[in-house]
Amino acid sequence: MFKAYGELSTILYEHTKPPGHSIGGDIEYFADKLHDIKGKVLEAGVGTGRMLIPLIQKGFDVDGVDISPDMLAKCKANLGKYSISADLYQQDLSKLSLPQKYDAIIMPTGSFCLLPRDIIENTLACFLNHLEVGGKLIIDIIFPDEFKKGETFLRTFQLDNEMGILYTSFHSEIDWIEQKASHIIRFDLLKNGEIQKTEVSNFILFWYGIKEIEILLQSVGFAEISHEFGYGAQGQLHPITFTAIKRR
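Residues numbered from 1 in each chain as written. Predicted model: local features only at pLDDT ≥ 70, side-chain atom pairs only at ≥ 80, totals over all residues. Heavy atoms only, no water.

Draft legend 1. Layout of the packing of helix α5 (residues 120–129) against helix α6 (residues 210–220). Contact pair α5 / α6: the axes reach a minimum separation of 9 Å and the direction vectors enclose 55 degrees. Classified by the interaxial angle, the pair formed by α5 and α6 is oblique. Of the two possible hands of crossing, α5 and α6 adopt the one that is right-handed. Residues I120, E121, L124, A125 and L128 of α5 form the contact with α6, whose participating residues are L216, L217, S219 and V220. Its residues assigned to classes, the contact of α5 with α6 shows seven nonpolar, one polar and one charged. (Axes fitted to C-alpha atoms, helices over the stretch in contact; angles between N-to-C directions. Helix = DSSP H or I, 4+ residues; strand = E, 2+ residues; numbered from the N terminus. Parallel < 35°, antiparallel > 145°, perpendicular 65-115°, else oblique. Left-handed = near helix turned anticlockwise from the far one by under 90°. Contact = heavy atoms within 4.5 Å. Nonpolar A, V, L, I, M, F, W, Y, C, P; charged D, E, K, R; others polar.)

Next comes the structure, spelled out in structure tokens:
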């Protein structure tokens, strides 16, 4: 019924968040967190290369993995545009099986919270298995702090003289017990005012408490777990970035 991270959402993501576009300083923050990493880095949920490409330009050796073929196709095109090479993989993170291990795995900007809750433990275990001993996991978590049930948000994005995207987001449901919020998002591709294609997604955001994440990380074998608010900005509480180490 719904399609996640398809052609139209990829077009809009690339239009609004091209490679090098920093969200709240996240690219600079993650580059700083990785400053002592000399080996390979994996970005989980790499998307179109928004963060991967500038990290490579800063000298990091980064691979990318994503479940969306549309996102990965655009990421590959962006790598060519910037004359950069990187290994890209299309895989489910909860069944991750890559040919090498990494000194760091990152999942920035709340993408972790879009993973179904029932695959989180398997995903974290896969991350652990793909880290070298002493390797570092860095993930962001976010909260639905702006969610208002029943509210509809509408915006248009001009792509060129003829084409544009009409973006409609409906705040559908919030479940305080299950800790999840559902957004029905519709993308209409317009040409001279006529709809050419439509894509509808149900983005479900799962949120977690600090202790909950710590327990999940510990349960699969991570150690030295720490967290920081708002990418280190004074007075910012959002997102919360967790760092954990594989010690054996």
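Draft legend 2. Focus on α6. Residues I213, E214, L216, L217 and V220 constitute the buried set of α6. When α6 is viewed along its axis, its buried side chains cluster within an angular range of 160 degrees and face the same direction. The exposed set on the far side of α6, more than 90 degrees from its buried face, consists of K211 and I215. (Buried < 20%, exposed > 50% of the residue type's maximum accessible area, 1.4 Å probe, protein only. Arc of directions from axis to C-beta.)

Draft legend 3. Highlighting the pattern of salt bridges. According to the stated counting rule, one finds ten salt bridges in the structure shown. K40 is paired through a salt bridge with D61; the nearest N and O atoms lie 3.3 Å apart. Taken together, the residues K40 in strand β1 (residues 40–44) and D61 in strand β2 (residues 61–66) connect sequence positions 21 residues apart. Judged by relative accessible area, D61 falls into the partly exposed class, the value being 40%. A salt bridge links D188 to R186; its shortest N-O distance comes to 2.9 Å. Several salt bridges share partner residues, and in doing so they unite K40, D61 and D63 into one network. (Salt bridge = Lys/Arg side-chain N within 4 Å of Asp/Glu carboxyl O.)

Draft legend 4. Looking closely at the packing of helix α1 (residues 7–16) against helix α4 (residues 69–81). Between α1 and α4, the least distance of the axes is 9 Å, while the angle of their chain directions is 40 degrees. The orientation of α1 with respect to α4, classified from their angle, is oblique. The two elements α1 and α4 cross, and the hand of that crossing is right-handed. Residues E7, S9, T10, Y13 and E14 of α1 form the contact with α4, whose own contacting residues are D70, M71, K74 and N78. Class assignment for the residues of the contact of α1 with α4 results in two nonpolar, three polar and four charged.

Draft legend 5. The arrangement of the sheet that holds β2 in detail. One open sheet accounts for seven strands, arranged β3-β2-β1-β4-β5-β11-β10; its pairing is mixed. Of all the strands in the sheet, just β3 (88–90) and β10 (222–229) have a single pairing partner and so form its edges. Ignoring strand direction, the axes of neighbouring strands in this sheet form an average angle of 20 degrees. Summarising the sheet, β1 and strand β4 (residues 102–107) pair through three bridges and their orientation is parallel. Looking across to β4, one finds that E43 is bridged to I106. The strands that helix α2 (residues 26–33) touches are β4, β5 (131–141), β10 and β11 (240–246); relative to β5, the one it contacts most, it runs at about 160 degrees. (Pairing = 2+ DSSP bridges.)

Draft legend 6. Seen up close, the packing of aromatic side chains. Applying the stated criterion across every chain yields a total of nine aromatic pairs. Where F112 meets Y208, the ring centres are 6.0 Å apart and the plane angle is 50 degrees; that geometry is what we call tilted. On the criterion of sequence distance, the pair formed by F112 in the loop between β4 and α5 and Y208 in the loop between β9 (194–206) and α6 is long-range, its members being 96 residues apart. Residue F112 is classed as buried on the basis of its relative accessible area, which comes to 0%. Taking relative accessible area as the criterion, Y208 reaches 1% and is therefore assigned buried. With 5.7 Å between their ring centres and 65 degrees between their planes, Y167 and F187 make a pair best called edge-to-face. (Phe/Tyr/Trp six-rings, centres within 6.5 Å; stacked < 30°, edge-to-face > 60°.)

Draft legend 7. How the structure looks around the nonpolar core. Core analysis: the largest hydrophobic core is formed by 36 residues, its most contacted members being F112, L124, F127, L137, L217 and F222. Those elements giving two or more residues to this core turn out to be β1, β4, α5, β5, β9, α6, β10 and β11. A per-element tally of this core places α5 first, with five residues. Among residues more than four places away in sequence, those in contact with L217 are L124, L137, F222, I225, F242 and A244. With 23 residues, the next largest nonpolar core counts M51, L52, A104 and Y231 among its residues. (Core = buried A, V, L, I, M, F, W, Y, C linked by side-chain atoms within 4.5 Å.)

Draft legend 8. Expanded view of the environment of V46. Looking at the secondary structure, you find V46 in the loop between β1 and α3 (52–57). Here the alpha-carbon distance between V46 and S111, two residues 65 residues apart in the chain, equals 9.4 Å. With near-sequence residues (within four places) excluded, V46 lies in contact with L52, G64, V65, D66, L72 and C75.

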